[in-house]
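# Examination of the molecular architecture
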Amino acid sequence: LAKTTQPISMDSYEGQEVNITCSHNNIATNDYITWYQQFPSQGPRFIIQGYKTKVTNEVASLFIPADRKSSTLSLPRVSLSDTAVYYCLVGDFTGGFKTIFGAGTRLFVKA
Amino acid sequence: DAGVTQSPTHLIKTRGQQVTLRCSPKSGHDTVSWYQQALGQGPQFIFQYYEEEERQRGNFPDRFSGHQFPNYSSELNVNALLLGDSALYLCASSWSRGQGYNEQFFGPGTRLTVL
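Throughout this document, residue positions are counted from 1 along each chain, in the order its sequence is written. Chains and ligands are labelled sequentially in the order written, the chains with letters from A and the ligands with numbers from 1. Thresholds applied to this predicted model are a pLDDT of at least 70 for local features of residues and 80 or more for the giving and counting of side-chain atom pairs; totals over whole chains, interfaces and linings are not thresholded and use all residues. Note that water and hydrogens are dropped before the side-chain values are worked out from all heavy atoms of the structure.

Here we come to the sheet that holds strand S3 (residues 32-38) of chain A. Residue and element names in this part refer to chain A. Across the sheet, which stays open at both edges, the five strands sit in the order S1-S9-S8-S3-S4 with mixed pairing between neighbours. The sheet is open, and its two borders are formed by strand S1 (9-13) and strand S4 (45-50), each paired with just one other strand. When strand polarity is set aside, the average angle formed by the axes of neighbouring strands in this sheet is 25 degrees. Alignment of S1 against strand S9 (residues 105-110), held across five bridges, turns out to be parallel. Residue pairing across strands places Tyr13 opposite Lys110, the latter belonging to S9. Any two strands are treated as partners once DSSP identifies two or more bridges connecting them. Under the scheme used here, helices are H or I runs from DSSP no shorter than 4 residues and strands are E runs no shorter than 2 residues, and both carry numbers assigned from the N terminus. For helices, the fitted line uses only the C-alpha atoms of the stretch in contact; every axis is such a line through C-alpha atoms, and the angle between N-to-C directions lies from 0 to 180 degrees.

Attention shifts here to the pattern of salt bridges. All names here are of chain B. By definition, a salt bridge exists where a carboxyl oxygen of Asp or Glu is found within 4 Å of a side-chain nitrogen of Lys or Arg. Tallying each qualifying case throughout the model produces four salt bridges over all chains. We note a salt bridge from Arg57 to Glu54, for which the minimum N-O separation is 3.0 Å. Looking at Arg57, the relative accessible area reads 23%, which means it is partly exposed. Throughout, exposure labels follow a simple rule: accessible area from a 1.4 Å probe, protein chains only, divided by the maximum for the residue type, with under 20% read as buried, over 50% as exposed, and the rest as partly exposed.

Turning next to the state of the cysteines. Among covalent bonds in proteins, the disulfide is the one between the sulfur atoms of two cysteines. The disulfide definition used here is simple: a pair of cysteine sulfur atoms within 2.5 Å. Per the stated rule, a full pass over the model turns up two disulfides over all chains. With a sulfur-sulfur separation of 2.2 Å, Cys22 of chain A is cross-linked through a disulfide to Cys88 of chain A. In this structure the cystine formed by Cys22 of chain A and Cys88 of chain A twists about its S-S bond by roughly -80 degrees; its chirality is therefore left-handed. With Cys22 of chain A in strand S2 (residues 18-23) and Cys88 of chain A in strand S8 (residues 84-91), the pair connects residues that are 66 residues apart, well separated along the chain. Cys22 of chain A sits in the buried class, given a relative accessible area of 0%. Cys88 of chain A sits in the buried class, given a relative accessible area of 0%. For Cys23 of chain B, the disulfide goes to Cys91 of chain B, at an S-S distance of 1.8 Å. The sign of the S-S torsion, about -60 degrees, decides the handedness of the disulfide formed by Cys23 of chain B and Cys91 of chain B: left-handed. Taken together, the positions of Cys23 of chain B in strand S3 (residues 19-24) and Cys91 of chain B in strand S9 (residues 87-94) put the pair 68 residues apart, joining distant regions of the chain. Comparing Cys23 of chain B with Cys91 of chain B shows no difference in burial state: the two are buried.

Residues and elements named next belong to chain B. Position of Phe47 relative to the elements: it lies in strand S5 (residues 44-50). Accessibility expressed as a relative area gives 0% for Phe47, which makes it buried. In this structure the C-alpha to C-alpha distance between Phe47 and Ser65, which are 18 residues apart in sequence, comes to 8.5 Å. If near-sequence neighbours (up to four positions away) are discounted, Phe47 is found in contact with Val32, Ser33, Trp34, Glu54, Gln56, Arg57, Phe64, Ser65, Gly66 and Leu76. Throughout, a residue-residue contact means that at least one pair of heavy atoms, one from each residue, lies within 4.5 Å.

Quick look at the interface of chain B and chain A now. Many analyses report the size of an interface as the accessible area lost when the parts associate. Opposite the 24 residues of chain B that make contact, chain A presents 22 residues. Interface area for chain B against chain A, summed over the two sides, is near 1,800 Å², with a carbon-plus-sulfur share of 52%. Polar contact criterion, stated in full: a pair of N or O atoms within 3.5 Å, where within protein one must be able to donate a hydrogen and the other to accept it, and residues adjacent in sequence count only if both atoms are side-chain atoms. Counting every contact that joins chain B to chain A gives four residue pairs in polar contact (both at pLDDT 80 or more). Mapped onto the side of chain B that touches chain A, the elements with two or more residues apiece are strand S4 (31-37), S5, strand S6 (53-57) and S9 of chain B. Note on residue categories: nonpolar means Ala, Val, Leu, Ile, Met, Phe, Trp, Tyr, Cys or Pro, charged means Asp, Glu, Lys or Arg, and polar means any other residue, Gly included. Along the lines of polarity and charge, the residues of the side of chain B that touches chain A split into eight nonpolar, twelve polar and four charged. Summed over both partners, the accessible area (1.4 Å probe) lost when two parts come together is defined as the buried area.

What follows deals with the environment of Gly15 of chain A. Residues and elements named next belong to chain A. Along the polypeptide, Gly15 turns up in the loop between S1 and S2. The partly exposed category is assigned to Gly15, whose relative accessible area is 48%. Separated by 61 residues in the primary sequence, Gly15 and Pro76 have C-alpha atoms spaced 7.7 Å apart. Ignoring sequence-local partners within four residues, the contact set of Gly15 consists of Arg77 and Val78.

Here you go:
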């Protein structure tokens, strides 16, 4: 599984756009990029997943450059409730491949 | 749909004891994975069950074992508990035959404290 590197923590203010970048230099051809969000004492929650270019859903956008060696999770107009830990995962998750979480990025949104 | 459920929510044990944690997957899911999450760290993959067999395993000792039942529910057993086993234990379920990435749905976890 490709190793991922993300910032340990980030601070933001309500209403701002937050971009969290994840580096995955050893990403393989069959690998997908997936982001999870986790609140304290809760299980992680799937946010978004992509393979290349840009993916957008009702919660976030995921930008993946052509070389796929990094990806950026974009959260538009964050609120206090977006304060959480965000995990970037890279791997071929089909067929039940084991999922490896890193330390994640702790996002703290201030009023 | 109740989503993924886990029981109990909290548990306190002493060193050397054994513990069993339970997980019911989301309706329609057939694959269950277990994770251990220590305070301040990301979840660590323990193992995954599919068709009642262990399919993948992380770097955990044999003290950690599991089982999957015909209804896809699962148990995680930990023998000879150590203080270091204190953590949040998460169960996640997924559907093995989905297209592309099989999104995992996590339960709320069981908080295990070993004294």
